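# Analysis of the macromolecular model
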Amino acid sequence: MSVTADGAGRPARPDNPAEHLWMHFTRMSTYATTAVPIIERGEGAYIWDSNGRKYLDALSGLFVVQVGHGRAELADVVAAQARKLAYFPIWSYAHPTAIELADRLAAEAPGDLNKVFFSSGGAESVETAWKIAKQYFKLTGKPAKTKVVSRAVAYHGTTQGALSITGVPGFRQPFEPLVPGASRVPNTNFYRAPKHVADDEKQFGLWAANRVEEAIQNEGPDTVAAVFVEPVQNAGGCIPPPPGYFERLREICDRHDVLLVSDEVICAYGRLGTLFGAQKYGYQPDIITSAKGLTSGYSPLGAAIVSDRVFEPFGKGKVSFAHGYTFGGHPVSCAVALANLDIFEREDLLGNVLRNENTFRQTLERLYDLPIVGDVRGDGYFYAVELVKDKGTKLAFDAADCERVLRGYISGALFEAGLYCRTDDRGDAVVQVAPPLICGQAEFDEMEQKLRHVLSTAWTKI
Ligand SMILES: Cc1ncc(COP(=O)(O)O)c(C=O)c1O
């Protein structure tokens, strides 16, 4: 409890109900003067705050709530599993829901990705993948292969290994030195392509993939264990892969015996209209890392899904992978994931995304008539609108514009207008939308109208 000036033990700021809550990735000083939004309830694609105001959840919480809020069926699964077996570890033991979910993920994952290592979330899955890659090469006679390559501005989590892989300098700097051995290559933002490949998406894709080979060669192929990439890169604003990118990347990884890790913490479980993001673009990873939408957030869970080839040396003799998490493969979370995937099938949510993704794009593209909208990009139900100061020259927001207009106006105004989504300047300034997979044209129109209203006013403030 905080201590008051009069020493009576009353909270120092009784008007701040979140006084003791340290919010994540939050400038806490903001809430010294303004009230923190408190979200109390959700139903379908909508959420309500503590004042009873309704918002369209155009970010699925945090790219999580694929089936929408308020599914009593999933809450019932939580209660039933907690009654039956609330907790047991998967450290040398198994339990039925973890077994069943691993079977199901192995059956659905592309190619020979057949071994499922559960964690409690995304960063833990990324840590797991890097450690698997390191030990895999030690077990197969290439012990110097320990390094990783990832892409500029990409976000892969905040634990120290995952943060090393993350390419957002501002997130890394306060925690340096991080885990050594991670280097970065350009991402695939075609809107910001270098001049010599700016007219040809395919050439741009090959150029970008070749930068990975260059990085492997610079580091020394004998020292590089894995490349971490998202199917569509989130940070920087929903950056899709250009045609041919993943085909070339696979060739490069094969040539240099480097594992291709597809970080699908956002892109798996229907976000792009396929169960796994790699399936959307037809490439074969060695490991998929996932979390978020696996349970639609009704309980936390992550999973690294590993190929037979990579697992093979771990399955022999006295070898074990000395790695795990108390809550990895939690029985309740696994039961929820199974029921969540049942809903995907029963309601054909992947089909819903595939049927609607073009009209979603077209609806957002209407915003191109606004002078502030430079680019609309993404795939499936995962889109970003990049904001510019001059469409002709693609002049980006600078740090002061981001502070004053993006953070200072757009972010609050969208929420005020009843649209919960994300403004982001980890790369260039973007607004991101990633609605629950149950959404359709009515919600697309609502997003477009609210974005139009706020972005039109934002233009007058530049
Ligand atoms: C691609 C990617 N990897 C890893 C993470 C980290 O996941 P978590 O926050 O569950 O640790 C995220 C989180 O957004 C992500 O988008």
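Residues numbered from 1 in each chain as written. Predicted model: local features only at pLDDT ≥ 70, side-chain atom pairs only at ≥ 80, totals over all residues. Heavy atoms only, no water.

### Structural notes on helix α14 (residues 399-416)
Compared with an ideal rise of 1.5 Å per residue, which puts 18 residues at 26 Å, α14 spans 24 Å between its outermost C-alpha atoms and is within 8% of the ideal. Residue Leu406 marks the point of greatest curvature in α14, where the axis turns by about 35 degrees. For α14, the complete set of buried residues consists of Asp401, Cys402, Val405, Leu406, Tyr409, Ile410, Ala413, Leu414 and Phe415. The N-cap of α14, judged by a side-chain oxygen 3.1 Å from the amide nitrogen of Ala400 a few residues on, is Asp398. A positive backbone phi angle near 95 degrees is found at Gly418, which sits one or two residues after α14. (Helix = DSSP H or I, 4+ residues; strand = E, 2+ residues; numbered from the N terminus. Expected span 1.5 Å × (residues − 1). Bend = angle between axes of the 7 residues up to and from the residue. Buried < 20%, exposed > 50% of the residue type's maximum accessible area, 1.4 Å probe, protein only. Polar contact = N/O pair within 3.5 Å; in protein donor to acceptor, adjacent residues only side chain to side chain.)

### A look at the sheet that holds strand β14 (residues 419-420)
Here 4 strands make up an open sheet; going across it, the order is β1-β2-β3-β14 and the pairing mixed. In this open sheet, the two strands that pair with only one neighbour each are β1 (39-43) and β14. As paired elements, strand β3 (residues 54-57) and β14 share 2 bridges and run parallel to each other. When the sheet's bridge partners are listed, Leu56 is paired in β14 with Leu419. (Pairing = 2+ DSSP bridges.)

### Re the packing of aromatic side chains
For the coordinates displayed, the defined rule picks out 20 aromatic pairs. Their ring planes at 20 degrees and their centres at 6.4 Å tell us that Phe246 and Tyr281 sit as a pair that is stacked. Here the residue Phe246 occupies a position in helix α9 (residues 245-255), and Tyr281 occupies one in helix α10 (residues 277-281), the gap between them amounting to 35 residues. Ring geometry for Phe360 and Tyr383: centres 5.3 Å apart, planes at 80 degrees, overall edge-to-face. (Phe/Tyr/Trp six-rings, centres within 6.5 Å; stacked < 30°, edge-to-face > 60°.)

### Thoughts on the site of the ligand
Close to the ligand lie Gly121, Gly122, Ala123, Tyr155, His156, Gly157, Glu230, Asp263, Val265, Ile266 and Lys292, which account for all nearby residues. Ala123 places a main-chain nitrogen or oxygen 2.7 Å from an oxygen atom of the ligand. A distance of 3.1 Å separates an oxygen atom of the ligand from a polar side-chain atom of Lys292. In the complex, the protein chains occlude 82% of the 390 Å² of accessible area that the ligand would expose alone. Its residues assigned to classes, the shell around the ligand shows 4 nonpolar, 4 polar and 3 charged. (Near = heavy atom within 4 Å. Areas by Shrake-Rupley, 256 points an atom, 1.4 Å probe, with all protein chains shown as cover. Nonpolar A, V, L, I, M, F, W, Y, C, P; charged D, E, K, R; others polar.)

### Remarks on the nonpolar core
Counting residues in each nonpolar core, the largest one holds 65 residues, and the members touching the most others are Leu105 and Ile410. With residues near it in sequence (within four places) discarded, Leu105 still touches Val116, Phe118, Tyr269, Phe276, Leu294, Ala303, Ile305 and Leu341. If you look at the next biggest cluster of nonpolar residues, it comprises 23 residues, including Ala129, Ile165, Ile287 and Phe321. (Core = buried A, V, L, I, M, F, W, Y, C linked by side-chain atoms within 4.5 Å. Contact = heavy atoms within 4.5 Å.)

### Let's talk about the side chain of Asp401
Summarising the element assignment, Asp401 is placed in helix α14. A distance of 2.9 Å separates polar atoms of two side chains, one belonging to Asp401 and the other to Lys389. The residues contacting Asp401, other than those within four sequence positions of it, are Lys389, Ala396 and Leu406.

### Considerations on the confidence of the model for the chain
Looking at the chain, the pLDDT average stands at 96 and 97% of residues meet or exceed 70. Across residues 1-7, confidence stays below pLDDT 50; counting only partners more than four residues off in sequence or on other chains, it has 14 contacts. (pLDDT = per-residue confidence, 0-100.)

### Quick word on unusual backbone geometry
A negative phi angle characterises most non-glycine residues, just as the trans form characterises most peptide bonds. With an omega of 0 degrees, the peptide bond between Glu176 and Pro177 qualifies as cis. Residue placement: Pro177 occurs in the loop between α7 (169-172) and β6 (182-185). One non-glycine residue, Ser60, lies in the positive phi region at around 50 degrees. Topologically, Ser60 is positioned in helix α2 (residues 60-63).

### Some words on the pairing of strand β10 (residues 302-307)
Counting buried positions along β10 gives 6 out of 6 residues, so the element sits mostly inside the fold. Taking every second residue as pointing to the same face, both faces of β10 are buried, with Gly302, Ala304 and Val306 on one and Ala303, Ile305 and Ser307 on the other. Note that strand β4 (residues 113-119) and β10 share 6 bridges and pair antiparallel. Pairing of Ser119 across the sheet is with Gly302, part of β10. In terms of strand pairing, strand β9 (residues 287-290) meets β10 through 4 bridges, oriented antiparallel. Bridge pairing links Ile288 to Ile305 in β10.

### Considerations on the packing of helix α4 (residues 96-108) against helix α12 (residues 331-346)
Where α4 contacts α12, the axes come no closer than 8 Å and their chain directions differ by 40 degrees. Between α4 and α12, the angle falls in the class oblique. Note that α4 runs across α12; the crossing there is left-handed. Residues Thr97, Ala98, Glu100, Leu101, Arg104, Leu105 and Glu108 of α4 form the contact with α12, whose participating residues are Pro331, Cys334, Ala335, Ala337, Leu338, Leu341, Asp342 and Glu345. By residue class, the composition of the contact of α4 with α12 is 9 nonpolar, 1 polar and 5 charged. (Axes fitted to C-alpha atoms, helices over the stretch in contact; angles between N-to-C directions. Parallel < 35°, antiparallel > 145°, perpendicular 65-115°, else oblique. Left-handed = near helix turned anticlockwise from the far one by under 90°.)

### Comments concerning the packing of helix α3 (residues 72-85) against α12
Contact geometry of α3 with α12 gives a least axis separation of 9 Å together with a crossing angle of 150 degrees. By the angle between their directions, the pair α3 and α12 is classed as roughly antiparallel. The way α3 lies across α12 gives a crossing that is right-handed. In this structure, α3 contributes Glu73, Leu74, Val77, Val78, Gln81, Ala82 and Leu85 to the contact, and α12 contributes Pro331, Val332, Ala335, Val336, Ala339, Asn340, Ile343 and Arg346. For the contact of α3 with α12, a count of residues per class yields 11 nonpolar, 2 polar and 2 charged.

### Quick word on the sheet that holds strand β8 (residues 259-263)
Across the sheet, 7 strands lie side by side as β4-β10-β9-β8-β7-β5-β6; this open sheet has mixed pairing. Two strands lie at the open edges of the sheet, namely β4 and β6, each paired on one side alone. Going across the sheet, the axis of each strand differs from the next one's by a mean of 20 degrees, ignoring polarity. Both β8 and β9 contribute to a ladder of 3 bridges, which runs parallel. Counterpart to Asp263 in the pairing with β9 is Thr289. Taken strand by strand, α4 contacts β4 and β10, and its axis lies near 135 degrees from that of β4.

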